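# Breakdown of the fold
Chain by chain, the residues:
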Amino acid sequence: MKLSAFGEKFSAGAGILSLMEDLGRAMTDGETIMMGGGNPGHIPEIQEAMRRRLLDLAADGQALRKLIGIYDPPQGDHDFCQALADLLHRLYGWEISGENICLTSGSQSAFFLLFNLLAGKTPTGGVQKILLPLAPEYIGYADLGVESDLFVSVRPNIEEIGERFFKYRVNFDEISIGPDIGAICVSRPTNPTGNVLTDAEIGELFRLAREHDIPLIIDSAYGLPFPGMIYTDAVTPIWERHLVVCMSLSKFGLPAARTGIVVADAPLIRLLSGANAVINLASCGFGAMLATEIVATGEIIRLSNEVVKPFYQRKMEQALAAIEEQFTDFPYRVHVPEGAMFLWLWFPDLPISSRTLYQHLKQRGVVVVSGDYFFPGLAPGWRHADECLRITYAQDEQDVRQGIGLIADEVRAVWKAAAP
Ligand code: PLP
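The following refers to the structure shown. (Residues numbered from 1 in each chain as written. Predicted model: local features only at pLDDT ≥ 70, side-chain atom pairs only at ≥ 80, totals over all residues. Heavy atoms only, no water.)

## Considering the site of the ligand
To be explicit about the condition: When we say a residue is near a molecule or strand, we mean one of its heavy atoms is within 4 Å of it. Polar contacts, as counted here, are pairs of nitrogen or oxygen atoms within 3.5 Å of one another; within protein the pair requires one atom able to donate a hydrogen and one able to accept it, and residues that are adjacent in sequence qualify only if both atoms are side-chain atoms. Here the accessible surface of atoms and residues is derived via Shrake-Rupley with a 1.4 Å probe, and residues count as covered only by protein chains that are part of the display. Helix and strand assignments come from DSSP, with helices taken as H or I runs of at least 4 residues and strands as E runs of at least 2, each series counted from the N terminus.
The local shell around the ligand holds 13 residues, among which Ser107, Asp219, Tyr222, Ser248 and Ser250 are the closest. Within the side chain of Ser248, an N or O atom sits 2.7 Å from an oxygen atom of the ligand. The separation between an oxygen atom of the ligand and a polar side-chain atom of Lys251 is 2.8 Å. Within the complex, 93% of the 400 Å² of free accessible area of the ligand lies under protein. If one sorts the elements of the shell around the ligand by residue count, helix H6 (residues 106–118) sits on top with 4 residues.

## Things to note about the packing of helix H11 (residues 354–364) against helix H12 (residues 397–418)
Quick reminder of the rule: What counts as an axis is a line fitted to C-alpha atoms, over the stretch in contact for a helix, and the angles between N-to-C directions run from 0 to 180 degrees. Any angle from 65 to 115 degrees is called roughly perpendicular, while one under 35 is roughly parallel, one over 145 is roughly antiparallel, and all others are oblique. Definitions for this section: a left-handed crossing has its near helix turned counterclockwise from the far helix by less than a right angle. A right-handed crossing has that turn clockwise. It only takes one pair of heavy atoms within 4.5 Å for two residues to be counted as in contact. Three categories are distinguished: nonpolar for Ala, Val, Leu, Ile, Met, Phe, Trp, Tyr, Cys and Pro, charged for Asp, Glu, Lys and Arg, and polar for the others, with Gly belonging to the last.
At a minimum axis distance of 10 Å, the contact between H11 and H12 shows a crossing angle of 125°. When the interaxial angle is binned, H11 and H12 end up oblique. Considering only the axes of H11 and H12, their crossing is right-handed. In this structure, H11 contributes Leu357, His360, Leu361 and Arg364 to the contact, and H12 contributes Leu406, Ile407, Asp409, Glu410, Val411, Ala413 and Val414. For the contact of H11 with H12, the residue count by class is 7 nonpolar, 1 polar and 3 charged.

## Description of the state of the cysteines
Basically, it comes down to this: Two cysteine sulfur atoms form a disulfide, by the criterion used here, when they sit within 2.5 Å. Here the term buried applies to any residue with accessible area under 20% of the maximum for its type, exposed to any over 50%, and partly exposed to those in between, with areas from a 1.4 Å probe on protein chains only.
Across all of its chains, the model carries 0 disulfides by this definition. The thiol of Cys102 is not disulfide-bonded; the next cysteine sulfur, from Cys81, is found 7.3 Å away. For Cys102, a relative accessible area of 0% gives the class buried. Lacking any disulfide linkage, Cys185 is separated from the closest cysteine sulfur, that of Cys246, by 7.1 Å. By relative accessible area, Cys185 is classed as buried at 0%.

## Description of unusual backbone geometry
Across the junction of Asn191 and Pro192, the peptide omega takes the value 25°, indicating a cis bond. Within the secondary structure, Pro192 sits in the loop between strand S8 (181–187) and helix H7 (199–211). Between Leu224 and the following residue, Pro225, the backbone shows a cis peptide bond with an omega angle of 0°. Mapped onto the fold, Pro225 is located in the loop between strand S9 (216–219) and strand S10 (243–248).

## Details of the pattern of salt bridges
Keep this limit in mind: Each reported salt bridge corresponds to a side-chain nitrogen of Lys or Arg within 4 Å of a carboxyl oxygen of Asp or Glu.
Applying the stated criterion across every chain yields a total of 22 salt bridges. Notably, a salt bridge pairs Glu204 with Arg207, separated by 2.9 Å at the nearest N-O pair. One end of the pair is Glu204 and the other is Arg207, both in helix H7 and 3 residues apart, which spans about a single turn. Each of the salt bridges in this network shares a partner with another, and the network as a whole consists of Glu48, Arg51 and Arg52.

## Description of H11
For clarity, the cut-off: The directions from the helix axis to the C-beta atoms are what the arc is built from.
When we look at burial in H11, the residues that qualify are Ser354, Leu357, Tyr358 and Leu361. End-on, the buried residues of H11 take up no more than an arc of 105°, which puts them together on one face. In the segment just after H11, Gly365 is the residue with positive phi, at about 100°.

## Points about the sheet that holds strand S15 (residues 369–370)
How we decide: In short, DSSP must find at least two bridges between two strands for them to pair.
The 6 strands are arranged S6-S7-S12-S13-S16-S15 in an open sheet whose pairing can be described as mixed. Each edge of the open sheet is held by one strand with a lone partner, namely strand S6 (157–161) and S15. By the bridge criterion, 2 bridges tie strand S12 (residues 333–335) to strand S13 (residues 342–346) in an arrangement that is antiparallel. Each bridged residue has a counterpart across the sheet, and for Arg333 the counterpart in S13 is Trp346.

## Digging into the nonpolar core
Quick note on the threshold: By nonpolar core is meant a set of buried Ala, Val, Leu, Ile, Met, Phe, Trp, Tyr and Cys residues that side-chain atoms within 4.5 Å join together.
Val263, Phe327, Leu343 and Phe347 are the most contacted members of the largest nonpolar core, which has 117 residues in total. Element by element, the count of residues in this core is highest for helix H10 (residues 299–326), at 12 residues. Setting aside anything within four residues of it in sequence, one finds Phe347 in contact with Phe327, Phe330, Pro331, Tyr332, Leu357, Glu387, Leu389, Ile407 and Val411. Counting residues in hydrophobic clusters, the runner-up holds 25 residues, among them Ala110, Leu144, Val262 and Leu272.

## Side note on H10
Note the cut-off: Expected span of a helix: the number of residues minus one, times 1.5 Å. The angle between axes fitted to the seven residues ending at a residue and the seven residues starting there is what we call the bend at that residue.
If you check H10, its first and last C-alpha atoms are 40 Å apart, about what 28 residues at 1.5 Å a residue would give, namely 40 Å. In H10, a bend of some 35° at Lys309 exceeds every other bend along the element, and Pro310, a proline, comes one to four places later.

## Remarks on the packing of aromatic side chains
Basically, it comes down to this: We call Phe, Tyr and Trp rings a pair once their centres come within 6.5 Å, taking the six-membered ring for Trp, and we label the pair stacked below 30 degrees between planes, edge-to-face above 60, and tilted otherwise. Whether a charge sits over a ring comes down to the Lys NZ or Arg CZ being within 6 Å of the ring centre and within 35 degrees of the ring normal.
For the structure on display, the rule yields 18 aromatic pairs. Here the aromatic rings of Phe327 and Phe330 are separated by 5.3 Å at their centres, their planes lie at 50°, and the arrangement is tilted. With 6.3 Å between their ring centres and 50° between their planes, Trp344 and Phe375 make a pair best called tilted. On the criterion of sequence distance, the pair formed by Trp344 in strand S13 and Phe375 in the loop between S15 and strand S16 (388–392) is long-range, its members being 31 residues apart. A single burial state applies to Trp344 and to Phe375, both of which are buried. Three or more aromatic residues link up through ring pairs in this structure, and these residues are Phe111, Phe115, Tyr138, Tyr141 and Phe151. The ring of Phe206 has Arg210 lying over it, and the distance from NZ or CZ to the ring centre is 4.7 Å. The residue whose ring lies beneath Arg355 is Tyr373, and the NZ or CZ to ring-centre distance is 4.2 Å.

Set out below in structure tokens:
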């Protein structure tokens with residue numbers, strides 16, 4: 001088979017695919033402790049709310065016909081988009097209507113469309129890129145460009161906090177936006193670190209976007225208004241013409257329903273809908289139909305604040321306590337866990353690379369993700385990028401505790417082996 005350059009991107013050699021296969025195997029072998037993936041936890045109260053809604057839809061002939069038998073328009077389920085626009089206006093005063101919202105098959109496919117609409121070769125022969133102003137950033141962006149080298153990213157400032165924590169801060173001194181930048185993108189909270197960019201950082205990025213007339217894309221897959229997995233002081237969600245806010249129903253508890261949501265200026269929404277029509281014909285309406293009622297009533301906000309957020313916050317606190325108890329006699333720091341469902345561990349001066357540590361841990365029966373995957377677009381040569389691991393605390397608490405114990409044993413063994 002003779003593959004195109006596009007085909008080669010998806011062949012088995014692509015880094016992220018081999019990682020995904022590794023994670024997939026670990027998920028199904030029944031023995032490995034899975035602290036690598038991004039699957040949300042299973043929250044009984046959310047599942048019960050969705051079960052009731054599904055039964056109601058199934059019992060209503062007309063609703064069922066729509067649920068399984070009708071293509072939605074390319075922009076997505078009209079009732080859902082309208083209900084969400086109303087909710088966002090009520091909550092935050094955003095001046096939007098249904099015309100500002102487009103649904104995609106998971107937000108992952110929204111990023112594929114947005115990045116390739118805004119970066120790559122230009123009609124005038126130039127090249128545009130997506131600026132990731134703070135690396136590390138979401139691994140899932142890395143391979144989304146139809147063309148290679150779609151990203152340019154910037155090393156952050158590291159603020160050490162107390163003995164055991166640190167926080168990345170956007171290094172604005174290193175950010176320069178030339179005509180080759182098509183958009184800026186940040187995840188907030190950030191996957192992999194759990195960082196929540198401050199309102200001041202977002203404000204400055206927004207100012208830069210407006211000044212250069214490019215969009216600032218804010219990936220709110222874990223953030224506001226749902227699933228609301230933010231454990232720090234309140235942050236203010238903003239939307240204006242230069243902002244593109246991407247949301248998802250996945251981390252609220254519906255990853256299989258594949259519902260991504262883009263809030264943007266109407267012309268960009270029309271462009272996205274067109275691209276969505278070409279690639280998918282129609283958006284998947286399943287998640288939208290399941291969620292329209294709780295969006296219209298605002299119940300999705302109550303469930304996010306009172307059920308989803310405490311579920312993860314408790315798990316985060318337990319994982320952190322296990323780390324403090326078990327990570328003894330070797331150097332480490334944890335990124336302040338301000339949101340999402342990950343802990344980002346930094347082992348300063350670790351004698352082996354995080355990729356090798358990942359292999360050792362796999363042999364011990366715990367799967368994590370090596371930190372070096374999370375620096376798409378960053379010039380090589382920053383040792384810090386090889387000193388970090390991402391662990392997920394969304395799954396079973398006993399497993400997480402045991403996994404943390406195995407990480408501690410292995411890091412201790414690595415330091416011992418390197419001792420003179
Ligand atoms: N953005 C971030 C930061 C993520 O972590 C993920 C998935 O893990 C996504 C986007 C994509 O999620 P989905 O396609 O399920 O909406």
